[in-house]
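Spelled out, the chains give:
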Amino acid sequence: MEAPENDSVAFESAEKIILRWDSTVSEEAREKMIFDGDRYEINRYLHAVDEIQRSMKSTTLSDDQDKANSAIQIAMARLEDEFRSILVAHTNAIEADSLTDPSPSPVHSGEFQVPEEDYHDTPTDDDSFTKELEHQESSSSSYRSTSSIREVDLMPPVAIYDLRSIAERMISAGYLRECIQVYGSVRKSAVESSFRKLGIEKLSIGDIQRLDWETLETKIRRWIRAAKVCVRILFASEKKLCEQIFESLGTATDDACFMETIKGPAIQLFNFAEAISISRRSPEKLFKILDLHDALSDLLPDVEIVFESKSSESIRVQAVEILSRLGEAARGILSEFENAVLREPSKVPVPGGTIHPLTRYVMNYISLISDYKKTMGELIVSQPSTGSRYSSDPNTPDMDFADLEGLTPLALHLIWIIVILQFNLEGKSKHYRDTSLAHLFMMNNVHYIVHKTKGSPELGEMIVDDFLRKLTGKFRQAATSYQRATWVRVLHCLRDEGLHVSGSFSSGVSKSALRERFKTFNALFEEVHRTQSTWLIPDTQLREELRISIAEKLIPAYRSFLGRFRSHIESGRHPENYIKYTVEDLENAVLDFFEGYAVSQHLRRRSQ
């Protein structure tokens, strides 16, 4: 054990070193930083601090406690400045490649996807970083992945060693709070700088909810990329740095410094997703909400790792609650979408009986839902609230789901949407004055539903063949009904009944009745041709099939009628007024049908 006089000498020597670097009295101390100098000077100062702290515990220097307290306060003030200086000196902008999440990003295709924004709309000081984001966005994969945390070294080992040396002495002297505050303020500034590079804005929940949806779509895409980088790289690296500097220096000191640094930015980050989760629901938001849900669900294991401590529990809880609310929002939007399809009020018939915009919208919508079938399948766990209770409601279709046993709740919801779409379309078909056009409208639209369902592998897999066969039967029945409504009257003109005269010395055919029959046929066919050449069947194959079906009934009947009765007309006066068209003319005229615009060249040429 050292003699008291030796303790006194050691104390005075340490005090001298401390006072030399007192920036309140020394110009040199104000202009220079100890830790910018050589290692010998650094070690001398640290040893001096240790000696002052040791002396404060010594009973032999009880008379010099005031001097010791004064010296330690000067030393702590100096170390706090040195601590800040080292932090600032090594708080550089993270390299662009470090701010790129290693896991691939998903890209969902479909008509509801907004074209990718120009990332140069958010100015950054690092063009290579922008290019990295654009490159990342072009990759495609599923969100489902294992933990992909990638910590980067934020400071060199020497700086970490010095910071730890300072922190150890500040904490030992009772300056933990000051140490945490300095560390948090500097590192939080670094995190905020990275946020700016990632395009994360300081917006309140209210600010976010006031933005128009098109702007929000852009921000959601940016947020998904940024959130993965923040959790897996930025926050994880900040946590690692705190552990390197503060681990084992006190009760959860490293965690306290970590939370001081990132709590504000983390809340800012997750507030965006929270604002979306509680915003007003509307159908166009579903897919971006599902993107957010998938991204957050994928990130949750990493959030649990990065924010595993008790003090960061609030962030873990916030992430879980946001995920739950996003799921609830998705379920609510699907339910509201079903009601919107059922109640869609437009009554103006679409020209030409073509595919209604509602049909395209709904089928594209549910096709995109099927692209998210894993996520939606996990969220939708109950079938639609339909069945016999609607049987007395004329404004709602009835459907017995007992015929669809074994299907997932999501598949039942999609089938139900198709059922209510058909129900709505049937109502719209009644607004056509022409019954034939009403049938053509239903044929076009139900055919589109079948075609869209079969054309989507995911949707086709979810909707059973029996239901598709019923749909196919419906559009074929509509085609048959169209033909009956249109062509029965025309073909009725080509019958023999009512043309023969009994008991006559002539050929037994009434020429006046025959002439009237030809005139009626010509007028009816010309009217059908004039009208129905403006009607539209968009699907080429369906259009051709219906033309062939018409021709197979019309052309043989006309050819036979013409063959039997041509001579009776041609033997009279002005036969061209009655036999206006050859068989070839009718064959060509049928090709004009359902093109969507007036093309009557074949008949006009013959009638002039």
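The structure under discussion appears in the preceding block.
As a starting point, this report considers the structure included with it. Just so we're clear, the structure is a prediction, and the values are computed from it rather than from any experiment. (Residues numbered from 1 in each chain as written. Predicted model: local features only at pLDDT ≥ 70, side-chain atom pairs only at ≥ 80, totals over all residues. Heavy atoms only, no water.)

### Section: the nonpolar core
Right, so step 1: Among the nonpolar cores identified, the biggest contains 180 residues, and Phe83, Phe235, Phe246, Phe270 and Ile369 are the most heavily contacted of them.
Right, so step 2: Considering each element in turn, this core owes the most residues, 18 residues, to helix H9 (residues 213-246).
Right, so step 3: With residues near it in sequence (within four places) discarded, Phe235 still touches Val191, Phe195, Cys230, Phe258, Ile262, Pro265, Ala266, Leu269, Val306 and Phe307. (Core = buried A, V, L, I, M, F, W, Y, C linked by side-chain atoms within 4.5 Å. Buried < 20%, exposed > 50% of the residue type's maximum accessible area, 1.4 Å probe, protein only. Helix = DSSP H or I, 4+ residues; strand = E, 2+ residues; numbered from the N terminus. Contact = heavy atoms within 4.5 Å.)

### Observations concerning the environment of Ser560
Right, so step 1: Structurally, Ser560 is set in helix H20 (residues 540-570).
Right, so step 2: Given a relative accessible area of 34%, Ser560 falls into the partly exposed group.

### Examining the packing of H9 against helix H10 (residues 253-277)
Right, so step 1: Orientation of H9 relative to H10, taken along the N-to-C sense of each, is 170°, at an axis distance of 10 Å. Taken together, the axes of H9 and H10 are roughly antiparallel relative to one another. (Axes fitted to C-alpha atoms, helices over the stretch in contact; angles between N-to-C directions. Parallel < 35°, antiparallel > 145°, perpendicular 65-115°, else oblique.)

### A look at empty space enclosed by the protein
Right, so step 1: Under the criterion given, the structure shown has three cavities of 30 Å³ or more.
Right, so step 2: Its boundaries defined by the atoms lining it, the second largest cavity holds a volume of some 140 Å³.
Right, so step 3: As for the second largest cavity, its lining consists of Gly199, Ile200, Glu201, Leu203, Ile208, Lys219, Arg222, Trp223, Gln268 and Phe272.
Right, so step 4: Elements represented by at least two residues in the lining of the second largest cavity include exactly H9 and H10.
Right, so step 5: Considering every element that reaches the lining of the second largest cavity, the biggest residue donor is H9, with three residues. (1 Å grid on protein atoms, 1.4 Å probe; cavity = no way out; pocket = protein on both sides within 12 Å on 5 of 7 lines; lining within 4 Å. Points joined across faces, edges and corners; volume = space filled by probe spheres on them.)

### A word on helix H6 (residues 157-172)
Given 3.6 residues per turn, any residue in an α-helix points the same way as the ones three and four places further on.
Right, so step 1: The terminal C-alpha atoms of H6 lie 22 Å apart, and with 16 residues this matches the ideal 22 Å at 1.5 Å per residue to within 8%.
Right, so step 2: Those residues of H6 that fall on the buried side of the exposure criterion are Ala159, Ile160, Asp162, Leu163, Ser165, Ile166, Ala167, Arg169, Met170 and Ile171.
Right, so step 3: Each element contacted by the buried residues of H6 is listed here: helix H3 (39-56), helix H4 (65-89), helix H7 (176-198), H9 and H10.
Right, so step 4: Downstream of H6 by a residue or two, Gly174 has a phi angle that is positive, lying close to 90°. (Expected span 1.5 Å × (residues − 1).)

### A short note on helix H21 (residues 583-590)
Right, so step 1: Turning to H21, its buried residues number three or more, namely Val583, Asp585, Leu586, Ala589 and Val590. Angularly, the buried residues of H21 cover 160° about the axis, an arc narrow enough to put them on a single face.
Right, so step 2: The residue sitting at the N-terminus of H21 and contributing the capping side-chain oxygen is Thr582; that oxygen lies 3.3 Å from the backbone nitrogen of Glu584. (Arc of directions from axis to C-beta. Polar contact = N/O pair within 3.5 Å; in protein donor to acceptor, adjacent residues only side chain to side chain.)

### Quick look at unusual backbone geometry
Right, so step 1: Although it is not a glycine, Ser248 sits at a positive phi angle of roughly 75°.
Right, so step 2: By the secondary structure assignment, Ser248 is in the loop between H9 and H10.
Right, so step 3: With relative accessibility at 68%, the residue Ser248 sits in the exposed group.
Right, so step 4: Even without glycine at this site, Phe594 takes up a positive phi of about 65°.

### Thoughts on the packing of H20 against H21
Right, so step 1: Axis separation between H20 and H21 bottoms out at 10 Å; the angle between their running directions is 165°. Considering their axes alone, H20 and H21 lie roughly antiparallel with respect to each other. Considering the relative orientation of H20 and H21, their crossing is right-handed. Residues Arg547, Ala551, Leu554, Ile555, Tyr558, Arg559 and Leu562 of H20 form the contact with H21, whose own contacting residues are Val583, Leu586, Glu587 and Val590.
Right, so step 2: Of the residues that constitute the contact of H20 with H21, the class distribution is eight nonpolar, no polar and three charged. (Left-handed = near helix turned anticlockwise from the far one by under 90°. Nonpolar A, V, L, I, M, F, W, Y, C, P; charged D, E, K, R; others polar.)

### Remarks on the state of the cysteines
Throughout this description, disulfide means a covalent bond between two cysteine sulfur atoms.
Right, so step 1: Enumeration according to the criterion identifies zero disulfides in this entry.
Right, so step 2: The closest cysteine sulfur to the non-disulfide-bonded Cys179 is located on Cys257, 5.5 Å from its own sulfur.
Right, so step 3: The class of Cys179 is buried, set by a relative accessible area of 0%.
Right, so step 4: Residue class for Cys257 comes out buried when judged on its relative accessible area of 0%. (Disulfide = S-S within 2.5 Å.)

Read these as layout, nothing more, since geometry by itself doesn't imply function.
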